Amino acid sequence: MSRLKPAEPHGVDLLRRLTYRTGRRMYGRDLEPSGVLAHHKPLLFGIGVASLAFERYSNHVDRHLKHLAMLRTSQLIGCKWCLDFGSYLAQQAGASEQQLRELSKWRESERFDPLERLVLEYAEAMTSTPVDVPDQLFARLRERFDDRQIVELTSAIALENLYSRSNWALGIEGQGFSDGMYCVVPEEHDERAAAA
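Residues numbered from 1 in each chain as written. Predicted model: local features only at pLDDT ≥ 70, side-chain atom pairs only at ≥ 80, totals over all residues. Heavy atoms only, no water.

Trainee: Before we move on, could you go through the layout of surface pockets and cite the residues and values that matter?
Mentor: Reported here for the largest pocket is a volume of approximately 1000 Å³. If you trace the largest pocket, you find 40 residues lining it, with Ser34, Ile47, Gly48, Ser51 and Tyr163 closest to the centre. Of all the secondary structure elements, the ones that give two or more residues to the lining of the largest pocket are α1 (14–27), α2 (32–37), α3 (41–57), α4 (63–77), α5 (80–92) and α9 (147–169). Looking at the lining of the largest pocket, the element that brings in the most residues is α3, giving nine residues. Its residues assigned to classes, the lining of the largest pocket comprises 25 nonpolar, 13 polar and two charged. (1 Å grid on protein atoms, 1.4 Å probe; cavity = no way out; pocket = protein on both sides within 12 Å on 5 of 7 lines; lining within 4 Å. Points joined across faces, edges and corners; volume = space filled by probe spheres on them. Helix = DSSP H or I, 4+ residues; strand = E, 2+ residues; numbered from the N terminus. Nonpolar A, V, L, I, M, F, W, Y, C, P; charged D, E, K, R; others polar.)

Pasting the structure below:
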């Protein structure tokens, strides 16, 4: 249960009603982050447009790569909702359960190809505080992606930072999207398990 209850539509309230209906149509249920964000309709609109543009109209980078990068981002931040939803989306986009199980150890794992490793390295660099994307890393991205693809990948990771940090601060937890499949755990849990 989040720290704030989702906002209920009042009267006509087209924006909230359309947002909730879109979530149910796309994912079969109301999305709690949208409900909480609906307390501030201009932000709901702006973030909703960016999310829709990303999900529906940004297809120049393989979805599998974007969802791996976004999932690694949420793993580093520790957002339970994003890990639940991201695990579902990554597997829908072709990530294997074995890749998800080894995501926190991707550098040592043989389950990731060189391009996946590059994208995961970029996600980690963008998610660190302060952000640390060395010129050498960016040069390697330019060897594999054109300008439009770099903007798309960068935006995906940046959006996930926004989602994960906001949802974590608001106490939004998983909604069962990954039930019946493997769900990635936050990075800190992996480190504690390794120390035990």
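After that view, the rundown keeps rolling.
Trainee: How would you explain α3 if you had to name every residue and give the values?
Mentor: Its 17 residues give α3 an end-to-end C-alpha distance of 23 Å, which sits within 8% of 24 Å, the value for a rise of 1.5 Å per residue. Taken as a whole, α3 has its buried residues at Leu44, Phe54 and Glu55. All buried residues of α3 lie within an arc of 105° about the axis, which places them on one face of the element. Exposed and oriented more than 90 degrees from the buried face of α3 are Pro42, Phe45 and Tyr57. Against α1, α2, α4 and α9 lie the buried residues of α3. (Expected span 1.5 Å × (residues − 1). Buried < 20%, exposed > 50% of the residue type's maximum accessible area, 1.4 Å probe, protein only. Arc of directions from axis to C-beta. Contact = heavy atoms within 4.5 Å.)

Trainee: I'd like to hear about the side chain of Glu55, residue by residue, with values.
Mentor: Summarising the element assignment, Glu55 is placed in helix α3. Within the structure, Glu55 has its side chain in polar contact with the side chain of Arg63 (distance 2.9 Å). Setting aside anything within four residues of it in sequence, one finds Glu55 in contact with Met26, Tyr27, Arg63 and His67. (Polar contact = N/O pair within 3.5 Å; in protein donor to acceptor, adjacent residues only side chain to side chain.)

Trainee: Lay out the packing of α4 against α5 with the relevant residues and their values.
Mentor: In the contact formed by α4 and α5, the axes pass within 9 Å of each other and the chain directions differ by 160°. In terms of orientation, α4 lies roughly antiparallel with respect to α5. Read as a crossing pair, α4 and α5 show a hand that is left-handed. Of the residues in α5, those touching α4 at His67, Leu71, Ser74 and Gln75 are Cys82, Leu83, Gly86, Ser87, Leu89 and Ala90. Residue composition of the contact of α4 with α5, by class: five nonpolar, five polar and no charged. (Axes fitted to C-alpha atoms, helices over the stretch in contact; angles between N-to-C directions. Parallel < 35°, antiparallel > 145°, perpendicular 65-115°, else oblique. Left-handed = near helix turned anticlockwise from the far one by under 90°.)

Purely geometric numbers; function is a separate question.
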